[in-house]
Amino acid sequence: MTLQEAEEYLREHFPLARFMDIRLEEYTGGQLVIKAPLALNHNHHGTAFGGALNALATFAAYGIVWMETKDSPKSLVIKESRIAFRRPITGDLRAIGHRPPPEEMAKFYADLEQKGKGYLNITATMDNDAGETAVSFEGTFVVWNSQD
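Residues numbered from 1 in each chain as written. Predicted model: local features only at pLDDT ≥ 70, side-chain atom pairs only at ≥ 80, totals over all residues. Heavy atoms only, no water.

A. Broad picture of the sheet that holds strand S1 (residues 23-27). Ordered by their spatial adjacency, 6 strands build an open sheet running S1-S2-S4-S5-S6-S3, and the pairing between neighbours is antiparallel. At either end of the open sheet lies a strand with only one pairing partner, and these are S1 and strand S3 (74-85). If you compare each strand with its neighbour and ignore which way they point, the axes differ by 25 degrees on average. Judged from the 4 bridges that link them, strand S4 (residues 93-98) and strand S5 (residues 117-127) form a sheet pairing that is antiparallel. For Ala-95, the partnering residue across the bridge sits in S5 and is Met-126. Helix-sheet contacts for helix H3 (residues 50-69) involve S1, strand S2 (31-36), S3, S4, S5 and strand S6 (133-145), and the interaxial angle to S4 is about 35 degrees. Contacting S3, S5 and S6, helix H4 (residues 102-115) crosses the sheet at an angle of about 145 degrees to S5. (Pairing = 2+ DSSP bridges. Helix = DSSP H or I, 4+ residues; strand = E, 2+ residues; numbered from the N terminus. Axes fitted to C-alpha atoms, helices over the stretch in contact; angles between N-to-C directions. Contact = heavy atoms within 4.5 Å.)

B. Here's a closer look at the side chain of Thr-69. Looking at where Thr-69 falls in the secondary structure, it is placed in helix H3. Residues in contact with Thr-69, not counting those within four places in the same chain, are Lys-74, Phe-108 and Val-143.

C. The arrangement of the environment of Asn-121 in detail. Among the secondary structure elements, Asn-121 is positioned in strand S5. By relative accessible area, which is 45% here, Asn-121 ends up partly exposed. The spatial distance from the C-alpha of Asn-121 to the C-alpha of Pro-37 is 27 Å, given a sequence separation of 84 residues. If near-sequence neighbours (up to four positions away) are discounted, Asn-121 is found in contact with Pro-100, Glu-104, Gly-139 and Thr-140. Reaching out from Asn-121, the side chain makes a polar contact with the side chain of Thr-140 at a distance of 2.6 Å. (Buried < 20%, exposed > 50% of the residue type's maximum accessible area, 1.4 Å probe, protein only. Polar contact = N/O pair within 3.5 Å; in protein donor to acceptor, adjacent residues only side chain to side chain.)

What follows is the structure, given as structure tokens:
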């Protein structure tokens, strides 16, 4: 699956992705980069709206799990998340989802194979225009075997 096909999938299945005008910029296998324009995602101060930051970070983390499991029928949801807003973002939004270390991925795949369900903790970060960490996100995602 190409990055464009993955973007189309998100925009088709998640109306918020369309409204935010998210774009998948890069997927390296270790990271997924998603961006969205500030013009559609700002608050009354002209900085990025916290809800938009949370949504974009969630999409970046979700995208990592989805890209990992896209080749087989799976169900995927977020179980819980935590986010810290450290600095304002005054430019376009850019979130980076980070793939967990190999040992966590191995446990996830083993649990999915043996138990039919696996959990992944995914982080995402967003920097401001000065290159400083502005947002830190951690989410737990649940994946289970499904024919839906």
